[in-house]
Amino acid sequence: MLFLATTGFLLCFWAWALLAPLGPRLREELGLDSFQQSLVVAVPVIVGALGRIPAGALTDHWGARRVFPIVAGLTVLPVLYLGHLADSLAEVLVGGFFLGLGGTTFAVGVPFVNAWFPPEHRGMALGLFGIGTGGTAVSAFTTVQLSEAVGPSFPFDLVAACLAVYAVAAWSLLRDKPGRAVAPGSMATRTALALRLPATWQLAFLYAVSFGGFVAFSVYLPTYLTQAYSLGRSDAALRTAGFVVLAVAMRPVGGWLSDRTDPVRVLTVAYGLVAAGALVASFEAELVPVGTAAFLTMAAGLGAGSGAVFALVARLVAPERVGAVTGVVGAAGGLGGFFPPLVMGAVEGATGDYTWGFILLAATALGAEALTSTVVRRRARAKRSS
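All values derive from a computational prediction rather than experimental measurement.

### Thoughts on unusual backbone geometry
So, point 1. The amide bond that connects Val-288 to the next residue, Pro-289, takes the cis arrangement and shows omega of 5 degrees.
So, point 2. Note that Pro-289 resides in helix 14 (residues 287-316).
So, point 3. Notably, Glu-284 is not glycine yet its phi reads approximately 50 degrees, a positive angle.
So, point 4. You can see Glu-284 is positioned in the loop between helix 13 (263-281) and helix 14.

### Looking at helix 1 (residues 2-16)
Helical periodicity: at 3.6 residues per turn, an α-helix aligns residues three or four positions apart in one direction.
So, point 1. The first and last C-alpha atoms of helix 1 sit 21 Å apart over 15 residues, in line with the 21 Å expected at 1.5 Å per residue.
So, point 2. Across the 15 residues of helix 1, eleven count as buried, placing the element largely inside the fold.
So, point 3. Among the residues of helix 1, those classed as buried are Leu-4, Ala-5, Thr-6, Gly-8, Phe-9, Leu-11, Cys-12, Phe-13, Trp-14, Ala-15 and Trp-16.

### Here we look at the packing of helix 6 (residues 105-116) against helix 7 (residues 119-129)
So, point 1. The geometry of helix 6 relative to helix 7 is characterised by a closest axis approach of 10 Å and an angle of 150 degrees between their N-to-C directions. Viewed along their axes, helix 6 and helix 7 adopt a mutual orientation that is roughly antiparallel. Note on packing geometry: the crossing formed by helix 6 with helix 7 is right-handed. On helix 7, the residues that touch Thr-105, Phe-106, Gly-109, Val-110, Val-113 and Asn-114 of helix 6 are Arg-122, Ala-125, Leu-126 and Phe-129.
So, point 2. The residue inventory of the contact of helix 6 with helix 7, partitioned by class, reads six nonpolar, three polar and one charged.

### Remarks on the packing of helix 4 (residues 64-84) against helix 9 (residues 154-173)
So, point 1. One way to put it is that helix 4 packs onto helix 9 with a least axis distance of 8 Å and a crossing angle of 165 degrees. Overall, the two elements helix 4 and helix 9 adopt an arrangement that is roughly antiparallel. For the pair helix 4 and helix 9, the crossing hand works out as left-handed.
So, point 2. Class assignment for the residues of the contact of helix 4 with helix 9 results in 16 nonpolar, four polar and three charged.

### Let's talk about the pattern of salt bridges
So, point 1. A full pass over the atoms with the stated rule returns two salt bridges.
So, point 2. The residue Glu-29 makes a salt bridge to Arg-25 at a minimum N-O spacing of 3.3 Å. Taken together, the residues span about one helical turn, with Glu-29 and Arg-25 both in helix 2 (residues 23-30) at a distance of four residues.
So, point 3. On the basis of relative accessibility, which here comes to 54%, the residue Glu-29 falls in the exposed class.

### Regarding the packing of aromatic side chains
So, point 1. By the definition in use, this model includes 23 aromatic pairs.
So, point 2. Consider the rings of Phe-106 and Tyr-207, whose centres lie 5.6 Å apart with planes at 15 degrees: the pair is stacked. Placement of Phe-106 in helix 6 and of Tyr-207 in helix 11 (residues 198-228) is noted, with a sequence separation of 101 residues between them. The residues Phe-106 and Tyr-207 share a single accessibility class, namely buried.
So, point 3. Residues Tyr-224 and Phe-358 carry aromatic rings whose centres are separated by 5.4 Å and whose planes lie at 80 degrees to one another, so their mutual orientation is edge-to-face. With Tyr-224 in helix 11 and Phe-358 in helix 16 (residues 355-385), the pair connects residues that are 134 residues apart, well separated along the chain.

Parameters at a glance
Residues numbered from 1 in each chain as written. Predicted model: local features only at pLDDT ≥ 70, side-chain atom pairs only at ≥ 80, totals over all residues. Heavy atoms only, no water. Helix = DSSP H or I, 4+ residues; strand = E, 2+ residues; numbered from the N terminus. Expected span 1.5 Å × (residues − 1). Buried < 20%, exposed > 50% of the residue type's maximum accessible area, 1.4 Å probe, protein only. Axes fitted to C-alpha atoms, helices over the stretch in contact; angles between N-to-C directions. Parallel < 35°, antiparallel > 145°, perpendicular 65-115°, else oblique. Left-handed = near helix turned anticlockwise from the far one by under 90°. Contact = heavy atoms within 4.5 Å. Nonpolar A, V, L, I, M, F, W, Y, C, P; charged D, E, K, R; others polar. Salt bridge = Lys/Arg side-chain N within 4 Å of Asp/Glu carboxyl O. Phe/Tyr/Trp six-rings, centres within 6.5 Å; stacked < 30°, edge-to-face > 60°.

See the structure below:
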(Lines give C-alpha, C1' and ligand atoms only; values in the text may rest on other atoms or scores of the structure.)
Protein backbone atom coordinates (compact mmCIF):
# COMPACT_ATOMS: atom_id res chain seq x y z
CA MET A 1 0.00 0.00 0.00
CA LEU A 2 2.88 2.38 0.77
CA PHE A 3 4.43 1.61 -2.63
CA LEU A 4 1.15 2.19 -4.47
CA ALA A 5 0.49 5.47 -2.67
CA THR A 6 4.04 6.72 -3.24
CA THR A 7 3.90 5.81 -6.93
CA GLY A 8 0.64 7.69 -7.41
CA PHE A 9 1.95 10.68 -5.50
CA LEU A 10 5.12 10.76 -7.63
CA LEU A 11 3.19 10.56 -10.91
CA CYS A 12 0.75 13.29 -9.89
CA PHE A 13 3.61 15.51 -8.72
CA TRP A 14 5.39 14.87 -12.01
CA ALA A 15 2.31 16.22 -13.76
CA TRP A 16 1.99 19.09 -11.29
CA ALA A 17 5.56 20.25 -12.04
CA LEU A 18 5.48 20.04 -15.85
CA LEU A 19 5.34 23.79 -16.45
CA ALA A 20 8.25 24.81 -14.23
CA PRO A 21 11.15 23.51 -16.39
CA LEU A 22 9.46 25.03 -19.45
CA GLY A 23 9.32 28.50 -17.88
CA PRO A 24 12.27 29.94 -19.87
CA ARG A 25 10.92 28.47 -23.12
CA LEU A 26 7.41 29.80 -22.47
CA ARG A 27 8.91 33.21 -21.71
CA GLU A 28 10.50 33.30 -25.15
CA GLU A 29 7.58 31.82 -27.09
CA LEU A 30 4.82 33.87 -25.44
CA GLY A 31 6.82 37.05 -24.85
CA LEU A 32 6.37 37.02 -21.06
CA ASP A 33 7.99 39.34 -18.56
CA SER A 34 9.49 38.12 -15.26
CA PHE A 35 6.24 38.43 -13.31
CA GLN A 36 4.15 36.68 -15.97
CA GLN A 37 6.64 33.81 -16.15
CA SER A 38 6.52 33.50 -12.35
CA LEU A 39 2.71 33.48 -12.49
CA VAL A 40 2.66 30.63 -15.03
CA VAL A 41 4.70 28.34 -12.79
CA ALA A 42 3.00 29.50 -9.57
CA VAL A 43 -0.67 28.98 -10.54
CA PRO A 44 -0.59 25.15 -10.37
CA VAL A 45 1.11 25.49 -6.99
CA ILE A 46 -1.60 27.60 -5.37
CA VAL A 47 -4.45 25.52 -6.82
CA GLY A 48 -2.80 22.30 -5.71
CA ALA A 49 -2.29 23.83 -2.29
CA LEU A 50 -5.83 25.03 -1.69
CA GLY A 51 -7.26 21.85 -3.20
CA ARG A 52 -5.61 19.82 -0.45
CA ILE A 53 -8.12 21.09 2.09
CA PRO A 54 -11.17 19.40 0.50
CA ALA A 55 -9.02 16.46 -0.68
CA GLY A 56 -7.88 15.71 2.87
CA ALA A 57 -11.38 16.01 4.30
CA LEU A 58 -12.80 13.77 1.54
CA THR A 59 -10.11 11.18 2.21
CA ASP A 60 -11.02 11.08 5.91
CA HIS A 61 -14.55 10.17 4.88
CA TRP A 62 -14.32 8.29 1.55
CA GLY A 63 -10.85 6.80 1.89
CA ALA A 64 -7.90 6.96 -0.48
CA ARG A 65 -9.19 3.87 -2.25
CA ARG A 66 -11.67 6.12 -4.07
CA VAL A 67 -10.01 9.52 -4.02
CA PHE A 68 -6.56 8.57 -5.34
CA PRO A 69 -7.62 7.04 -8.69
CA ILE A 70 -10.22 9.76 -9.27
CA VAL A 71 -7.66 12.55 -8.84
CA ALA A 72 -5.07 10.76 -10.99
CA GLY A 73 -7.61 10.17 -13.76
CA LEU A 74 -8.88 13.75 -13.78
CA THR A 75 -5.34 15.16 -13.92
CA VAL A 76 -4.92 13.55 -17.35
CA LEU A 77 -7.22 16.20 -18.86
CA PRO A 78 -5.23 19.38 -18.13
CA VAL A 79 -1.99 17.57 -19.00
CA LEU A 80 -3.25 16.80 -22.50
CA TYR A 81 -4.75 20.29 -22.86
CA LEU A 82 -1.41 21.94 -22.06
CA GLY A 83 0.47 19.58 -24.34
CA HIS A 84 -1.73 20.04 -27.41
CA LEU A 85 -4.06 23.04 -27.19
CA ALA A 86 -2.70 25.83 -24.96
CA ASP A 87 -0.73 28.38 -27.00
CA SER A 88 -1.29 31.73 -25.26
CA LEU A 89 -0.69 33.10 -21.77
CA ALA A 90 -4.39 32.92 -20.89
CA GLU A 91 -4.70 29.33 -22.10
CA VAL A 92 -1.56 28.22 -20.27
CA LEU A 93 -2.89 29.80 -17.07
CA VAL A 94 -6.21 27.96 -17.47
CA GLY A 95 -4.40 24.68 -18.05
CA GLY A 96 -2.10 25.37 -15.11
CA PHE A 97 -5.11 26.05 -12.90
CA PHE A 98 -6.53 22.59 -13.50
CA LEU A 99 -3.07 21.01 -13.45
CA GLY A 100 -3.03 22.01 -9.78
CA LEU A 101 -5.32 19.02 -9.16
CA GLY A 102 -2.24 16.78 -9.22
CA GLY A 103 -0.81 18.63 -6.24
CA THR A 104 -3.76 17.69 -4.01
CA THR A 105 -2.69 14.03 -3.77
CA PHE A 106 -0.40 14.78 -0.85
CA ALA A 107 -3.45 15.21 1.41
CA VAL A 108 -4.86 11.93 0.06
CA GLY A 109 -1.76 9.85 0.75
CA VAL A 110 -0.77 11.09 4.22
CA PRO A 111 -3.89 9.88 6.11
CA PHE A 112 -3.83 6.67 4.06
CA VAL A 113 -0.21 5.87 5.01
CA ASN A 114 -0.72 7.11 8.56
CA ALA A 115 -3.52 4.56 9.08
CA TRP A 116 -1.40 1.62 7.89
CA PHE A 117 1.55 2.15 10.27
CA PRO A 118 1.92 2.17 14.10
CA PRO A 119 2.96 5.45 15.76
CA GLU A 120 6.60 4.46 16.25
CA HIS A 121 7.08 3.97 12.49
CA ARG A 122 4.90 6.71 11.05
CA GLY A 123 7.66 9.28 10.72
CA MET A 124 9.72 6.98 8.52
CA ALA A 125 6.67 5.75 6.56
CA LEU A 126 5.45 9.27 5.86
CA GLY A 127 8.99 10.28 4.93
CA LEU A 128 9.14 7.44 2.42
CA PHE A 129 5.77 8.48 1.04
CA GLY A 130 7.21 11.97 0.72
CA ILE A 131 9.70 10.59 -1.82
CA GLY A 132 6.78 11.11 -4.19
CA THR A 133 7.72 14.79 -4.20
CA GLY A 134 10.56 13.54 -6.40
CA GLY A 135 8.06 13.79 -9.23
CA THR A 136 9.30 17.36 -9.49
CA ALA A 137 12.84 16.00 -10.00
CA VAL A 138 11.60 13.66 -12.72
CA SER A 139 10.02 16.65 -14.41
CA ALA A 140 13.18 18.73 -14.04
CA PHE A 141 15.38 15.93 -15.44
CA THR A 142 13.18 14.99 -18.38
CA THR A 143 10.76 17.70 -19.54
CA VAL A 144 13.14 19.99 -21.40
CA GLN A 145 15.25 17.12 -22.72
CA LEU A 146 12.25 15.15 -24.03
CA SER A 147 10.73 18.30 -25.54
CA GLU A 148 13.91 18.99 -27.48
CA ALA A 149 14.66 15.38 -28.43
CA VAL A 150 11.17 14.11 -29.35
CA GLY A 151 8.77 17.04 -29.55
CA PRO A 152 7.14 19.68 -27.34
CA SER A 153 4.03 17.56 -26.70
CA PHE A 154 5.79 14.31 -25.85
CA PRO A 155 6.41 14.93 -22.09
CA PHE A 156 2.71 15.72 -21.64
CA ASP A 157 1.63 12.61 -23.56
CA LEU A 158 3.98 10.44 -21.51
CA VAL A 159 2.70 11.79 -18.20
CA ALA A 160 -0.93 11.45 -19.30
CA ALA A 161 -0.39 7.80 -20.24
CA CYS A 162 1.30 7.03 -16.91
CA LEU A 163 -1.51 8.70 -14.96
CA ALA A 164 -4.18 6.77 -16.88
CA VAL A 165 -2.47 3.44 -16.20
CA TYR A 166 -2.04 4.32 -12.53
CA ALA A 167 -5.68 5.35 -12.13
CA VAL A 168 -6.81 1.92 -13.36
CA ALA A 169 -4.24 0.08 -11.22
CA ALA A 170 -5.10 2.08 -8.10
CA TRP A 171 -8.82 1.46 -8.53
CA SER A 172 -8.08 -2.27 -8.71
CA LEU A 173 -5.35 -2.68 -6.07
CA LEU A 174 -5.51 0.14 -3.52
CA ARG A 175 -7.13 -0.78 -0.18
CA ASP A 176 -7.83 1.35 2.87
CA LYS A 177 -6.73 -0.03 6.24
CA PRO A 178 -9.51 -2.27 7.64
CA GLY A 179 -11.12 -0.61 10.63
CA ARG A 180 -9.54 2.77 9.94
CA ALA A 181 -10.91 5.66 11.98
CA VAL A 182 -13.57 7.54 10.01
CA ALA A 183 -14.29 11.14 10.98
CA PRO A 184 -17.99 11.92 11.48
CA GLY A 185 -19.83 14.89 10.02
CA SER A 186 -19.72 16.71 6.72
CA MET A 187 -16.57 17.82 4.92
CA ALA A 188 -17.19 21.40 6.05
CA THR A 189 -17.59 20.29 9.67
CA ARG A 190 -14.39 18.22 9.61
CA THR A 191 -12.44 21.08 8.05
CA ALA A 192 -13.83 23.56 10.59
CA LEU A 193 -12.80 21.29 13.47
CA ALA A 194 -9.29 21.02 12.06
CA LEU A 195 -9.07 24.79 11.74
CA ARG A 196 -9.98 25.21 15.42
CA LEU A 197 -6.96 23.19 16.58
CA PRO A 198 -4.04 25.47 17.56
CA ALA A 199 -1.64 22.72 16.48
CA THR A 200 -3.02 22.93 12.93
CA TRP A 201 -1.92 26.54 12.51
CA GLN A 202 1.48 26.01 14.09
CA LEU A 203 2.17 22.98 11.91
CA ALA A 204 0.83 24.85 8.88
CA PHE A 205 3.37 27.65 9.32
CA LEU A 206 6.24 25.21 9.80
CA TYR A 207 5.27 23.28 6.68
CA ALA A 208 4.79 26.48 4.70
CA VAL A 209 8.45 27.25 5.33
CA SER A 210 9.90 23.76 4.75
CA PHE A 211 7.79 22.30 1.97
CA GLY A 212 6.88 25.73 0.62
CA GLY A 213 10.57 26.49 0.24
CA PHE A 214 11.09 23.18 -1.55
CA VAL A 215 8.23 23.85 -3.97
CA ALA A 216 9.37 27.42 -4.59
CA PHE A 217 12.88 26.34 -5.54
CA SER A 218 11.55 23.44 -7.60
CA VAL A 219 9.48 25.75 -9.77
CA TYR A 220 11.63 28.90 -9.80
CA LEU A 221 15.24 27.72 -9.59
CA PRO A 222 15.49 27.14 -13.38
CA THR A 223 14.45 30.74 -13.96
CA TYR A 224 16.80 32.04 -11.26
CA LEU A 225 19.80 30.13 -12.62
CA THR A 226 19.21 31.29 -16.19
CA GLN A 227 18.78 34.92 -15.11
CA ALA A 228 21.41 35.23 -12.36
CA TYR A 229 24.12 32.93 -13.77
CA SER A 230 23.29 32.91 -17.52
CA LEU A 231 23.03 29.12 -17.62
CA GLY A 232 21.42 27.31 -20.52
CA ARG A 233 17.92 25.92 -20.02
CA SER A 234 19.02 22.27 -19.94
CA ASP A 235 21.88 23.03 -17.52
CA ALA A 236 19.56 24.98 -15.21
CA ALA A 237 16.97 22.18 -15.30
CA LEU A 238 19.57 19.53 -14.41
CA ARG A 239 20.96 21.59 -11.52
CA THR A 240 17.42 22.09 -10.25
CA ALA A 241 16.89 18.35 -10.43
CA GLY A 242 19.97 17.87 -8.24
CA PHE A 243 18.50 20.25 -5.67
CA VAL A 244 15.18 18.39 -5.74
CA VAL A 245 16.79 14.94 -5.47
CA LEU A 246 18.70 15.91 -2.34
CA ALA A 247 15.63 17.48 -0.74
CA VAL A 248 13.53 14.41 -1.55
CA ALA A 249 16.21 12.05 -0.22
CA MET A 250 16.40 14.01 3.04
CA ARG A 251 12.66 13.80 3.66
CA PRO A 252 12.63 10.16 4.88
CA VAL A 253 15.83 10.93 6.78
CA GLY A 254 13.98 13.67 8.63
CA GLY A 255 11.13 11.28 9.39
CA TRP A 256 13.52 8.53 10.51
CA LEU A 257 15.42 10.88 12.80
CA SER A 258 12.12 12.11 14.25
CA ASP A 259 11.04 8.54 15.07
CA ARG A 260 14.31 7.92 16.92
CA THR A 261 14.95 11.25 18.56
CA ASP A 262 12.56 14.20 18.60
CA PRO A 263 10.89 15.93 15.63
CA VAL A 264 11.22 19.29 17.38
CA ARG A 265 14.99 18.90 17.53
CA VAL A 266 15.15 17.84 13.89
CA LEU A 267 13.08 20.84 12.82
CA THR A 268 15.22 23.28 14.79
CA VAL A 269 18.38 22.08 13.06
CA ALA A 270 16.68 21.98 9.65
CA TYR A 271 15.50 25.58 9.79
CA GLY A 272 18.94 26.69 10.94
CA LEU A 273 20.44 25.08 7.81
CA VAL A 274 17.91 26.84 5.58
CA ALA A 275 18.65 30.23 7.14
CA ALA A 276 22.41 29.77 6.78
CA GLY A 277 22.14 28.65 3.15
CA ALA A 278 19.83 31.53 2.25
CA LEU A 279 22.18 34.11 3.75
CA VAL A 280 25.11 32.74 1.76
CA ALA A 281 23.01 32.65 -1.44
CA SER A 282 22.01 36.29 -0.93
CA PHE A 283 25.57 37.36 -1.80
CA GLU A 284 25.24 35.71 -5.25
CA ALA A 285 28.75 34.31 -5.05
CA GLU A 286 30.23 32.12 -7.79
CA LEU A 287 27.92 29.21 -8.50
CA VAL A 288 30.76 26.70 -8.07
CA PRO A 289 31.47 25.94 -5.30
CA VAL A 290 29.93 28.52 -2.94
CA GLY A 291 26.52 28.98 -4.57
CA THR A 292 26.06 25.25 -5.12
CA ALA A 293 26.97 24.51 -1.49
CA ALA A 294 24.44 27.12 -0.30
CA PHE A 295 21.62 25.67 -2.39
CA LEU A 296 22.38 22.09 -1.39
CA THR A 297 22.45 23.11 2.29
CA MET A 298 19.00 24.63 1.87
CA ALA A 299 17.82 21.50 0.05
CA ALA A 300 18.94 19.28 2.93
CA GLY A 301 17.24 21.48 5.52
CA LEU A 302 14.00 21.83 3.57
CA GLY A 303 13.76 18.10 2.91
CA ALA A 304 14.52 16.99 6.47
CA GLY A 305 12.18 19.65 7.83
CA SER A 306 9.31 18.50 5.61
CA GLY A 307 9.69 14.94 6.88
CA ALA A 308 9.87 16.05 10.51
CA VAL A 309 6.72 18.20 10.30
CA PHE A 310 4.55 15.21 9.42
CA ALA A 311 6.20 13.04 12.05
CA LEU A 312 4.95 15.76 14.40
CA VAL A 313 1.45 15.72 12.85
CA ALA A 314 1.19 12.00 13.64
CA ARG A 315 2.05 12.72 17.28
CA LEU A 316 -0.17 15.75 17.85
CA VAL A 317 -3.35 14.88 15.90
CA ALA A 318 -5.96 12.16 16.47
CA PRO A 319 -6.00 9.52 13.66
CA GLU A 320 -9.52 10.39 12.46
CA ARG A 321 -8.47 14.04 12.04
CA VAL A 322 -5.18 13.45 10.22
CA GLY A 323 -6.71 13.88 6.75
CA ALA A 324 -8.42 17.18 7.51
CA VAL A 325 -5.39 18.57 9.35
CA THR A 326 -3.10 17.32 6.59
CA GLY A 327 -5.26 19.15 4.06
CA VAL A 328 -4.81 22.45 5.89
CA VAL A 329 -1.11 21.90 6.63
CA GLY A 330 -0.48 20.69 3.08
CA ALA A 331 -2.32 23.72 1.70
CA ALA A 332 -0.07 25.96 3.75
CA GLY A 333 2.96 24.16 2.33
CA GLY A 334 1.73 24.73 -1.21
CA LEU A 335 0.89 28.36 -0.51
CA GLY A 336 4.36 28.72 0.95
CA GLY A 337 5.61 27.72 -2.48
CA PHE A 338 3.30 30.13 -4.32
CA PHE A 339 4.54 33.44 -3.00
CA PRO A 340 8.36 33.15 -3.20
CA PRO A 341 8.46 32.86 -7.03
CA LEU A 342 6.28 35.96 -7.28
CA VAL A 343 8.41 37.79 -4.72
CA MET A 344 11.64 36.76 -6.45
CA GLY A 345 10.29 37.88 -9.82
CA ALA A 346 9.14 41.20 -8.39
CA VAL A 347 12.44 41.75 -6.52
CA GLU A 348 14.49 41.01 -9.64
CA GLY A 349 12.31 43.29 -11.72
CA ALA A 350 12.61 46.16 -9.23
CA THR A 351 16.27 45.87 -8.18
CA GLY A 352 17.99 43.82 -10.88
CA ASP A 353 19.11 41.08 -8.46
CA TYR A 354 17.65 38.59 -5.96
CA THR A 355 19.43 39.57 -2.73
CA TRP A 356 16.40 40.68 -0.75
CA GLY A 357 14.45 37.59 -1.72
CA PHE A 358 17.05 35.37 -0.04
CA ILE A 359 17.27 37.64 2.99
CA LEU A 360 13.50 37.34 3.46
CA LEU A 361 13.80 33.55 3.23
CA ALA A 362 16.53 33.53 5.89
CA ALA A 363 14.43 35.69 8.23
CA THR A 364 11.39 33.44 7.74
CA ALA A 365 13.44 30.30 8.46
CA LEU A 366 14.76 31.87 11.66
CA GLY A 367 11.19 32.69 12.68
CA ALA A 368 10.18 29.05 12.11
CA GLU A 369 13.15 27.91 14.18
CA ALA A 370 12.10 30.18 17.05
CA LEU A 371 8.48 28.96 16.96
CA THR A 372 9.60 25.33 16.90
CA SER A 373 11.96 25.65 19.84
CA THR A 374 9.40 27.43 22.05
CA VAL A 375 5.66 27.06 21.42
CA VAL A 376 5.74 23.79 19.49
CA ARG A 377 8.20 22.19 21.92
CA ARG A 378 5.86 22.97 24.85
CA ARG A 379 2.84 21.56 22.98
CA ALA A 380 4.69 18.35 22.11
CA ARG A 381 5.76 17.86 25.73
CA ALA A 382 2.19 18.45 26.97
CA LYS A 383 0.86 15.90 24.45
CA ARG A 384 3.37 13.27 25.58
CA SER A 385 2.50 13.74 29.24
CA SER A 386 -1.30 13.62 28.70
